[in-house]
Amino acid sequence: MNDTLNTRFGHTPPELAQDFAEHLKYNQDADIYHTTQEDRYTALALTIRDRIIHQWNLSRKTQKSTNAKRINYLSLEFLMGRAMTNNVINLGIEEELKEALASLGYTYEELSDIEHDAGLGNGGLGRLAACFLDSLATLEYPAYGYGIRYNYGIFRQQIKNGWQVEQPDNWLRYGNPWEIERHDVAFTVQFGGEVHLIREKGKDNFKWIGGEQVIGVAYDMPIIGYGCKTVNTLRLWSATSPEEFDFHEFNEGDYTEAVRSKISAENLSQVLYPNDTLYMGKELRLKQQYFFVACSLADIVRTFKQENRTWSEFTDFAAIQLNDTHPSLAIPEMMRILLDKENLAWDEAWAITNSVMGYTNHTLMPEALEKWSLPMLQSILPRHLQIIYEINHRFMQSAVSFFPLQPQVLRQISIIEESNPKQIRMANLAIIGSHSTNGVAELHSELLKRSMFPQFNTIYPDRFNNKTNGITQRRWLLDANPRLAKKITEVIGDGWITDYSQISKLTPFATDKSFIAEFAKIKLENKIKAANFLKRDCGILIDPNTLFDVQVKRIHEYKRQLLNVLNIMMIYNDIKKGGEATKGMSPMTFLFGGKAAPGYVNAKLIIKLINNIANVINADKEANKLLSVHFMPNYRVTMAESIIPATNLSEQIPTAGTEASGTGNMKFMCNGALTIGTMDGANVEIAEEAGKQNIFIFGHTEEEIVKLGQSYDPFAWAMRDKEIKDAVQLLATGDFNVNEPNIFDPIRKSLFEDGDKYFHFADLRMYADMHKNARSLYTSDQDEWNRKAIINVASSGKFSSDRTISEYANDIWNLKKCPVERSNGNETALQDAIKK
């Protein structure tokens, strides 16, 4: 290697190889006697990070020097997945890196595969946040993501005897080379204590005194835009104690008591709560929410005050977006800062808070709306409860004019629910305290106004708006499906990578025979790759020459994995009876993936049912020639990146009116899978973009479900159809629960005695018929199937998170782009190291 190599910036293979070797030797102290794959991965990550750092610094300087407004995206979840491959693609150094590693005897694939998924989220909400960060950086919008640095992410799922078993996901076991700890960015957060009213300078002031204290320390990860011009920041907070231990207790010999406060403080950022967990009333969850909100707002206010600007300029400095209700304590916390610390009057503080906050709603299910026990909130956050009472008092005074002599309506819209004990309705607080409330699909946003929050829509008609979710095509097509991405670029150019509307240029190729043939070849190659991944990852053996039917999402009754299961039972019965529905059918592989919340009994039972059915079908020598069923353990981003590009049929089958949007449907669409789904969430818009004739839509609409619910009898629906009746009989007679009698009784109870809340039987016949149509098309006309698949890819342009973010920036945040020049690499570290 020659001495002129730029080993902290250069992108040539020799420079990358030299930097990797130096990191391996000097950072990891690795030599021929002791080195691990983790050492090599870390050295490679640091080599890549070196090429990010200067641009990261330059981005901050540029945004600060131009007084650029910044969006601060507050989310309790960021499901980032692996960072390496995404960073390499956005840097544009993949080929150079492969050559550099090959010169040293390694492959890029083997080292990048060492990385653990950063599973700091449960599913769609956290993955959406990750996509948004990618789009913000690529579009050159100044942005910070704020969340919690959980030591343990979403649990690692194992399957034992068909049951889900949760194992801790210690994703930080070998450290995280992408992050930088900021010891100088740390804030004290308090809980409990008392609020004192103090008279100062002729004015009443509130002081929150005493209680438990925790320190929040910032850990920053760079978020690289495509082309690595703008590098934004994901800032995650880690909790620590103000004191390491009580020295007196230690000297007295009681080590447990000596470290109690340290352990208690650090518990705040130990673990991510699984979705659907019944955490209402769990003190730790409430503390987590306030901890990350308090640290984030303290950081935003700190950077604002460094600018020496007046509070009237705060809305020109920052926008704050609340990703669901989890960060909604930001509203009373912002008021507390402005009232108690900055001594602003209420009206001015409220105007600032309201104009800077935006709220994204992610649910249509009333039971999923977050509430907190008033006594618990009073104990943990006494000053915030006072502020919430005052917000509610002022709001209710104004709301009376909209609903005179209608106390029942006023009770519904109050922040305080008059139950026993009283509850704080966090969604109501978020709507009242922000200037914008958006849904995440057109149908979802309409239902928010029409069904869920109609009274608030009457009071605030200009606040409600739609921002249909999106995904980043750079992660989910360019990175996850390089074969298809390369082919698309060959025929339409690479403009789609940063302007996904250009994917529509692919439409004419849906009738090009040579392109259809190449598309089919790529799909088969992706299926072989997915089969190899599953064999290596979890020992599942599948045939790439079968139709891949995939349902991967959080396990929940409203997502209706059970509907899929009932249809599989009907197919199985038909095969066993030599029926018409499966005569001549192409062999199929059904793949399920997803995690159930540890406390969600029926969801875990659905996983058990899927595995029991899989055991029976896969061992049946007659049925397994046409049908195989598998549950893929520990579904995560990395698994999705292998499975989604290989999928033929994408299952998006929730009860209409229950799914806010969904983003998995978009990922499958842009990878050339055909959707079978209900008219719910973003499926409605997928049908509009691709055309109903190019996907498989079935089921009752949301309006029909509402009407049906008034007189719905699931038993009558099930018994009137012999095939459905026979499938239910299979569930009852024990074919799938040998040696485990009555194990699935709770599922049967939910379907019959409890009224089939999610209308499985109302939609099952339509679903089975549409599924048969899909199977028949795949069997009879593969070219037509692939033509439809190509049309789906070409029609997916709307579903880029770039489009979504542009709408947020223009309509809600009033945010302008801040272009950052790409560094030429001539700057030296000495310039930043000189003492100021």
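Note: the structure precedes this text.
These notes cover the structure that comes with them. Since the structure is predicted, the reported quantities are computational estimates derived from the model, not experimental observations.

Tallying secondary structure elements over the chain gives 35 helices and 24 strands in all. Its C-alpha atoms give the chain a radius of gyration of 28 Å, within 12% of the compact-globule value 28 Å for 836 residues. Seen through its principal axes, the chain has C-alpha atoms that stretch 90 × 85 × 60 Å. Within the chain, buried positions represent 61% of all 836 residues. Restricting to contacts in the chain with at least 6 residues of sequence separation, those with at least 24 account for 77%. On the chain, roughly 32,800 Å² of surface is accessible, and the fraction owed to carbon and sulfur atoms is 51%.

Here we come to the packing of helix 23 (residues 561-577) against helix 30 (residues 722-733). Packing of helix 23 against helix 30 brings their axes to within 9 Å, and their N-to-C directions diverge by 100°. One finds that helix 23 runs roughly perpendicular with respect to helix 30. Residues Leu566, Met569, Met570, Tyr572, Asn573, Asp574 and Lys577 of helix 23 touch helix 30, and the partners they reach there are Lys722, Glu723, Ile724, Asp726, Ala727, Leu730 and Leu731. Per-class residue counts for the contact of helix 23 with helix 30 are 8 nonpolar, 1 polar and 5 charged.

The omega torsion of the bond from Asn420 to Pro421 falls at 0°, within 30 degrees of zero and hence cis. By the secondary structure assignment, Pro421 is in the loop between strand 15 (416-417) and strand 16 (423-425). At Asp756, a position not held by glycine, the phi torsion is positive, near 50°. Structurally, Asp756 can be placed in the loop between helix 31 (745-751) and helix 32 (760-780).

Counted under the stated rule, the structure contains 0 disulfides. We note that Cys670 lacks a disulfide partner, and the nearest cysteine sulfur, in Cys131, lies 9.9 Å from it.

A separate point is the sheet that holds strand 15. Pairing in this open sheet of 3 strands is antiparallel, and the strands run 14-16-15 from one edge to the other. Each edge of the open sheet is held by one strand with a lone partner, namely strand 14 (371-373) and strand 15. Packed on one face of the sheet, helix 17 (residues 426-433) meets strand 14 and strand 16 and runs near 40° to strand 16.

What counts as what
Residues numbered from 1 in each chain as written. Predicted model: local features only at pLDDT ≥ 70, side-chain atom pairs only at ≥ 80, totals over all residues. Heavy atoms only, no water. Helix = DSSP H or I, 4+ residues; strand = E, 2+ residues; numbered from the N terminus. Rg over C-alpha atoms; globule rule 2.2 N^0.38 Å. Buried < 20%, exposed > 50% of the residue type's maximum accessible area, 1.4 Å probe, protein only. Contact = heavy atoms within 4.5 Å. Areas by Shrake-Rupley, 256 points an atom, 1.4 Å probe, with all protein chains shown as cover. Axes fitted to C-alpha atoms, helices over the stretch in contact; angles between N-to-C directions. Parallel < 35°, antiparallel > 145°, perpendicular 65-115°, else oblique. Nonpolar A, V, L, I, M, F, W, Y, C, P; charged D, E, K, R; others polar. Disulfide = S-S within 2.5 Å. Pairing = 2+ DSSP bridges.

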